[in-house]
Amino acid sequence: MKLPVSTEWLLHCAASLAQLEAGATASAAQLAQYFDLPAAYLAKQLQALVKAGALAATTGPRGGFRLARPASEITLLQIVEAVDGTSSPYECREIRQQGRGALSAEECQNPCILAEKMAEAHEAWRNSLATTSLAEIIAALPPSAPSRTRLRLTGTP
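Criteria and cut-off values
Residues numbered from 1 in each chain as written. Predicted model: local features only at pLDDT ≥ 70, side-chain atom pairs only at ≥ 80, totals over all residues. Heavy atoms only, no water. Buried < 20%, exposed > 50% of the residue type's maximum accessible area, 1.4 Å probe, protein only. Helix = DSSP H or I, 4+ residues; strand = E, 2+ residues; numbered from the N terminus. Arc of directions from axis to C-beta. Contact = heavy atoms within 4.5 Å. Core = buried A, V, L, I, M, F, W, Y, C linked by side-chain atoms within 4.5 Å. Pairing = 2+ DSSP bridges. pLDDT = per-residue confidence, 0-100.

(A) Region of interest: helix α4 (residues 76-84). If you check which residues of α4 are buried, you get Leu 76, Leu 77, Ile 79 and Val 80. Down the axis, α4 shows its buried residues gathered within 160° of arc, on one side only. Buried positions along α4 lie against α1 (5-18), α3 (39-51), α5 (113-130) and α6 (134-139). Count one or two residues on from α4 and you reach Gly 85, which has phi positive near 80°.

See below:
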């Protein structure tokens, strides 16, 4: 499975915002500069996290983005699904019933085993992301990372 590059961007941006002091914001321009990303496109992508309820946005000179809920309540799956949706990346088209190797209808009474295994793998992936919060990600960072992130992202220690 290959996710769009914007998924990586938003995972990192959300993790960076989780390192800010409660209520502090960072603008799309600050985040774009921090990660050397295109600001206009990043701003559009960040809106997907606002729509999903993971981020809150404020306008004005001190506006920007912040977590909408505590980091412990925002999972990686919520971020990924905000960008990529919820559908499975694998779609069985029943090619086992086509071409020279076609199986008979009687041989295809059970669901395709490959489709079943791909669905199991996708569900395991989703479960892993659903049980990992931003707070867990931040807790795994080196102790100096949050203050360094705050300083370099917003200019405040």
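(B) Molecular detail of helix α2 (residues 28-35). For α2, every residue scored as buried is listed here: Ala 28, Leu 31 and Ala 32. Seen end-on, α2 carries its buried residues on one side only, within an arc spanning 100°. Contacts made by the buried residues of α2 are with α1, α3, β2 (64-67) and α7 (145-154). At the exit of α2 stands Asp 36, carrying a positive phi of roughly 55°.

(C) Examining the nonpolar core more closely. Counting 30 residues, the largest nonpolar core has Leu 17, Leu 31, Leu 42, Leu 46, Leu 67 and Leu 134 as the members making the most contacts within it. Those elements giving two or more residues to this core turn out to be α1, α2, α3, β2, α4 and α6. Beyond its immediate stretch of four places on either side in the chain, Leu 67 contacts Ala 14, Leu 17, Ala 18, Ala 54, Leu 55, Ala 56, Ile 74 and Leu 134.

(D) Up close: the pairing of strand β1 (residues 55-58). For β1 and β2, the ladder comprises 4 bridges, and the chain directions are antiparallel. Across the sheet, Ala 56 pairs through a bridge with Arg 66, a residue of β2. Remark: 5 residues form the turn of the hairpin made by β1 and β2, two consecutive strands paired antiparallel; Gly 60 in that turn has positive phi of roughly 105°.

(E) Layout of the confidence of the model for the chain. Counting all residues, the mean pLDDT for the chain is 94, and 99% of those residues have values of 70 or more. Per-element confidence in the chain is highest for α6, whose mean pLDDT is 98, and lowest for α7, whose mean pLDDT is 94.

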